[in-house]
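# Notes for the structure review
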Amino acid sequence: NHTGPFDFVIFGATGDLSRRKLLPAFLRRFHAQEFSDDAQIICVARTELNTEQFREQIEAALREFAPETAQDEQTLHHFLGLLTYITLDALKPGGDWQILRTLLAANDRPRVFYLATAPALYSPLCEALAHHDLINQHSRVVLEKPIGINLETARAINHGVGKFFPEESIYRIDHYLGKEGVQNILALRFANPALEKLWSSEAIAHVQITAAETVGVGSRGSYYDESGALRDMVQNHLLQVLCMVAMDAPASLGSDDLRNEKLKVLNALRPMTPDMVRRNVIRGQYVAGEMKRKDVPGYNEDLGTGRASNTETFVAIRTKIRTARWGHTPFYLRTGKRLATKTTEIVIQFRPQVWPIFTNMPSPGRLVIRIAPHEELSFVMAVRDPGAGGFRVRNATLGMSYENAFSVTYQDSYERLLLDAVRGDPALFIRRDEVEASWQWIEPILNSWRHAMTPLEPYPAGSWGPASTRSLLARDGALWHEDM
Ligand code: BG6
């Protein structure tokens, strides 16, 4: 499983992502001996620092964000020794490109450029890499989300980066695909033929995909307020999860087979017309409320700009997939900040008995695939109630928790994805046509919101979103998981 030597260059290395996610993920994989000290991690940012100062800053970040691993002082210091810092401003002429060239002298090792910068810099940075002759046949570029803010800007980024890197060397990251629970959807479906037999409108009444967070907008207000929940979570993470749930079996787990099948799902999503948006999309924003018996402020207070923002912090969508497999199954997506609990889960709700012979019928059964806060599978079934006289049926749950079943070694999805990029395996990264197809589906919602001035429905922090979210399902006679 060892990667062998590699060069990894992080642009935007002083940023939040790099301190909280990327470098802690590398430290954990280094500790697990997945790579050794013949690898180098070159950290690039605009801030004037020398390598010593940078290592000091990162040491503090590693102690904070990977505390268990950072306790091993020897590994920690060994790892810090792999980091070099270079001050560079991609948009300004001059700078230390020459140093970067010298560090990247070895031409035969995987060379990954990770762009953890504002997306506006992706194309200029790639151009600069080409200009300084740093791209060779072993080079890959990793792009963080967001890839654009709509279809046009996504295409522009893809086009700009595509001038310097071939598509197979462009790795668009979606950290949800690195989550164990998301990848397990493939195993669950395609290694359990019995389950896959049920996997269609015939047996499945509806599917719910929820990514609920308790956190508010935190210190990311300036990014988030421009983005909103639809762009921040639905366009990428939720649609990717939906693809994993809905796709047909790929011919193999090879990256193109997998991505071709996901693309078919995106293309089969029922297009949103303005009228459909009005009836099938809920848009909310949190206002002050109570969480864990503490008063928490609303979104506008969190932003602190002194004006009322029109950005959504909650979205719920009802959609359908126009295929023979799924035509009669609504898919419900929802995500939001400051909701009642932190949970990421998929609920597969099975259809009821067509001819019930029992006098009481509990819920017709469902499979819950929980991804966060813990990876768990539970299958709610009907069983005879042994305590009751006569013949009563009730629900009981078959459960499996990853934590109990396995000693899970990946703590964060970035760990797997970073090393996949080093190894040159793009299967869990998003292809150009997938990004563009998902924007194509999202864009009418954005447009319709803008033109119709769809009102933002307030919801108190600590709730499950605007009250109308329930009606969205009630139309189909369905309930959200927490109401079941
Ligand atoms: C990020 C979003 O992509 O995903 C954040 O920008 C969000 O707003 C985060 O909080 C959620 O990720 P996770 O892994 O905690 O579900």
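Model, not experiment: these values are computed from the prediction.

## Regarding the overall build of the chain
On a plain count of helices and strands, the chain comes out with 17 helices and 17 strands. Taken over the C-alpha trace, the chain has a radius of gyration of 24 Å; the compact-globule value for 484 residues is 23 Å, and the two agree within 12%. C-alpha atoms of the chain, sized along the principal axes, occupy 80 × 50 × 45 Å. Within the chain, the fraction of its 484 residues that count as buried is 54%. Long-range contacts, defined here as pairs at least 24 residues apart, represent 76% of the contacts in the chain between residues at least 6 apart. Across the chain, the mean location of the 54 positive side-chain charges is 7 Å away from that of the 57 negative side-chain charges.

## Description of the UniProt feature "active site" (unreviewed entry) in the chain
Residues annotated in UniProt with the feature "active site" (unreviewed entry) correspond here to His 237. Considering the arrangement of structural elements, one finds His 237 in helix α10 (residues 221–246). Dropping the residues within four chain positions of it, His 237 is found in contact with Lys 145, Asp 174, His 175, Tyr 176 and Asp 232.

## Quick look at the site of the ligand
Looking at the ligand, the residues that line it are Lys 145, His 175, Tyr 176, Lys 179, Glu 213, Arg 220, Asp 232, Met 233, His 237, Lys 337 and Lys 342. Within the side chain of Tyr 176, one N or O atom sits 2.4 Å away from an oxygen atom of the ligand. For the ligand, an oxygen atom lies 2.5 Å from a polar atom in the side chain of Glu 213. Expressed as a share of its isolated accessible area of 400 Å², the protein-covered part of the ligand is 79%. Grouping the amino acids of the shell around the ligand by side-chain chemistry returns two nonpolar, two polar and seven charged.

## Let's talk about the nonpolar core
Of all hydrophobic cores here, the largest spans 142 residues; its most connected members are Phe 11 and Phe 79. The element contributing the most residues to this core is α10, with 13 residues. Beyond its immediate chain neighbours, meaning those up to four positions away, Phe 79 contacts Leu 23, Phe 26, Leu 27, Phe 30, Phe 35, Ile 41 and Leu 62.

## Quick look at the environment of Leu 195
Turning to its location among the elements, Leu 195 is positioned in helix α9 (residues 193–198). The class of Leu 195 is buried, set by a relative accessible area of 12%.

## Some remarks on the confidence of the model for the chain
When the pLDDT values of the chain are averaged, the result is 94; 99% of them are 70 or greater. The complex model carries a pTM of 0.95, and its ipTM stands at 0.97.

## Here we look at the sheet that holds strand β2 (residues 40–45)
Reading across from one edge, β3-β2-β1-β4-β5-β6 is the order of the six strands in this open sheet, with parallel pairing throughout. Here the strands that pair on one side only, and so sit at the sheet edges, are β3 (83–87) and β6 (170–172). On average, each strand axis in the sheet is inclined to that of its neighbour by 20°, with strand direction left out of account. Where strand β4 (residues 111–115) meets strand β5 (residues 139–143), five bridges bridge the pair, whose relative direction is parallel. In the sheet register, Tyr 114 faces β5, and the bridge partner there is Val 142.

## So, the pattern of salt bridges
Under the criterion given, the structure shown has 36 salt bridges. If you follow the salt bridges from partner to partner, you end up with Arg 28, Arg 29, Glu 34, Glu 68, Glu 415 and Arg 423 in one network.

## A short note on the sheet that holds strand β15 (residues 376–384)
By definition, the strands of a sheet pair up through backbone hydrogen bonds, in either a parallel or an antiparallel sense. Pairing is mixed in the open sheet, where nine strands are placed in the order β16-β15-β14-β13-β7-β12-β11-β8-β17. A single partner strand is all that each edge strand has here, and the edge strands are β16 (393–401) and β17 (457–460). Recorded for the sheet is a direction-independent mean angle of 20° between the axes of neighbouring strands. Strand direction decides the pairing type here: strand β13 (residues 343–350) and strand β14 (residues 366–372), joined by six bridges, are antiparallel. Across the sheet, the residue bridging to Ile 346 is Ile 369, located in β14.

## Looking at helix α16 (residues 432–452)
When the terminal C-alpha atoms of α16 are compared, their 30 Å separation across 21 residues agrees well with the 30 Å that a helix rising 1.5 Å per residue should span. By the largest-angle criterion, Ile 442 marks the main kink of α16, which is about 30°, and a proline, Pro 444, follows within four residues. Taken as a whole, α16 has its buried residues at Glu 434, Val 435, Glu 436, Ala 437, Ser 438, Trp 439, Trp 441, Ile 442, Ile 445, Leu 446, Ser 448 and Trp 449. Following α16 by one or two positions, Met 453 adopts a phi angle in the positive range, close to 50°.

Cut-offs and rules
- Residues numbered from 1 in each chain as written.
- Predicted model: local features only at pLDDT ≥ 70, side-chain atom pairs only at ≥ 80, totals over all residues.
- Heavy atoms only, no water.
- Helix = DSSP H or I, 4+ residues; strand = E, 2+ residues; numbered from the N terminus.
- Rg over C-alpha atoms; globule rule 2.2 N^0.38 Å.
- Buried < 20%, exposed > 50% of the residue type's maximum accessible area, 1.4 Å probe, protein only.
- Contact = heavy atoms within 4.5 Å.
- Lys, Arg positive; Asp, Glu negative; His and termini not counted.
- Charge placed at Lys NZ, Arg CZ, Asp CG, Glu CD.
- UniProt positions renumbered as here; feature names shortened; annotations may be inferred.
- Near = heavy atom within 4 Å.
- Polar contact = N/O pair within 3.5 Å; in protein donor to acceptor, adjacent residues only side chain to side chain.
- Areas by Shrake-Rupley, 256 points an atom, 1.4 Å probe, with all protein chains shown as cover.
- Nonpolar A, V, L, I, M, F, W, Y, C, P; charged D, E, K, R; others polar.
- Core = buried A, V, L, I, M, F, W, Y, C linked by side-chain atoms within 4.5 Å.
- pLDDT = per-residue confidence, 0-100.
- Pairing = 2+ DSSP bridges.
- Axes fitted to C-alpha atoms, helices over the stretch in contact; angles between N-to-C directions.
- Salt bridge = Lys/Arg side-chain N within 4 Å of Asp/Glu carboxyl O.
- Expected span 1.5 Å × (residues − 1).
- Bend = angle between axes of the 7 residues up to and from the residue.

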